[in-house]
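Observations on the model geometry
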Amino acid sequence: MIEDPLASSGASFVEKFLQNVRGAVPLSIEQIDMMLRLISAAREDGIGNFLDLGCGDGVLATTIFDEHPEAHGLLVDFSEPMLEAARKQLQPHRRHVEFLQADFHHPSWVRRVAPHAPLDIVVSGFAIHHLPDARKRELFREIYDLLSPEGLFINIEHVSSATRWTESALDDYTIDAIFGAELKSGRGKPRAQVAREYYTRAASDEHILAPLEVQCDWLREIGFADVECFLKVQELAVFGGQRPGAD
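These numbers were taken from a predicted model, which means no experiment stands behind them.

1. Re the nonpolar core
The biggest cluster of nonpolar side chains holds 32 residues, and the ones touching the most others in it are Leu 51, Trp 109, Val 113 and Phe 153. Elements represented by at least two residues in this core include exactly β1 (49-53), β2 (72-77), α6 (109-113), β4 (119-125), α7 (133-146), β5 (147-158), α10 (212-222) and β7 (236-242). Discounting chain neighbours no more than four positions away, the residues touching Val 113 are Leu 51, Leu 74, Val 76, Leu 100, Leu 119 and Leu 146. Of all hydrophobic cores here, the second largest spans 28 residues; its members include Leu 38, Ala 61, Ile 64 and Phe 65.

2. With respect to the pairing of β2
Along β2, five of the six residues are buried, which leaves the element largely enclosed by surrounding structure. Examined bridge by bridge, β1 and β2 share five bridges and lie parallel to one another. Paired with Leu 51 across the two strands is Leu 74, which belongs to β2. The parallel pair β1 and β2, bridged by helix α4 (residues 59-67), forms a crossover whose chirality is right-handed. Of the pairings in the sheet, the one linking β2 to strand β3 (residues 97-101) comprises five bridges and is parallel in character. Among the inter-strand pairings, Leu 74 is bridged to a residue of β3, identified as Glu 98. Taken together, β2, helix α5 (residues 80-89) and β3 constitute a β-α-β crossover, and its handedness is right-handed.

3. A few points about the confidence of the model for the chain
Per-residue confidence for the chain averages 84 on the pLDDT scale, and 79% of its residues sit at or above 70. Residue range residues 1-23 is modelled with pLDDT below 50. Its contacts to residues more than four positions away, or to other chains, number 36 contacts.

Parameters and conventions
- Residues numbered from 1 in each chain as written.
- Predicted model: local features only at pLDDT ≥ 70, side-chain atom pairs only at ≥ 80, totals over all residues.
- Heavy atoms only, no water.
- Core = buried A, V, L, I, M, F, W, Y, C linked by side-chain atoms within 4.5 Å.
- Buried < 20%, exposed > 50% of the residue type's maximum accessible area, 1.4 Å probe, protein only.
- Helix = DSSP H or I, 4+ residues; strand = E, 2+ residues; numbered from the N terminus.
- Contact = heavy atoms within 4.5 Å.
- Pairing = 2+ DSSP bridges.
- Right-handed = clockwise from strand over helix to strand, strands pointing away.
- pLDDT = per-residue confidence, 0-100.

What follows is the structure, encoded as structure tokens:
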């Protein structure tokens with residue numbers, strides 16, 4: 001039986017997570033709990049350094065530090081305002097974290113990160129899907145090259161649906177989650193208004209989604225081992241793999 005993430009991670013973890021925008025993402029707590037379990041399983045002796053790629057306000061790195069306070073984190077994002085938000089959130093871990101403004105839409109980001117390699121862990125949350133498919137594949141290769149032997153890549157991501165009706169089911173699921181968050185906050189927008197705002201944002205969004213199975217095949221072709229989808233609900237997936245150990 002899977003342990004309750006609230007029990008394993010503590011109330012502070014949940015409070016921090018729900019303050020973040022990902023609190024409206026279905027199964028968001030379970031996604032991060034799975035990430036933490038995978039890191040602990042892959043690196044039983046602890047982790048030396050990790051990269052949070054497209055870190056946003058630093059929620060993934062914060063939860064990693066909660067479990068591995070002696071780790072060293074590198075947070076990369078193209079947005080300086082998001083990095084500033086991450087700096088504030090990670091102030092308690094300031095001695096163990098560095099921040100780097102770099103745009104992984106372009107291969108030049110690797111030169112900025114390379115001095116920190118090899119990396120034990122690379123995580124990313126809802127960032128890579130913005131890239132065209134060809135660039136996604138290149139980025140997966142760049143991540144592979146930055147990992148240490150047995151280094152782990154975990155991608156918490158939005159992937160494409162196989163059909164329109166499954167896509168619409170996730171839309172309804174997400175609208176219900178946002179509506180529930182609105183009720184808990186006391187704002188109490190009508191569900192119809194939440195739905196209108198959701199579809200307006202979706203129409204202007206620049207997401208370029210790829211099927212989960214295709215992305216896993218890309219990882220295998222690059223050389224990742226133990227490639228797997230560890231958690232999935234409709235278009236939301238936690239997947240990744242390990243760089244093989246040294247011979």
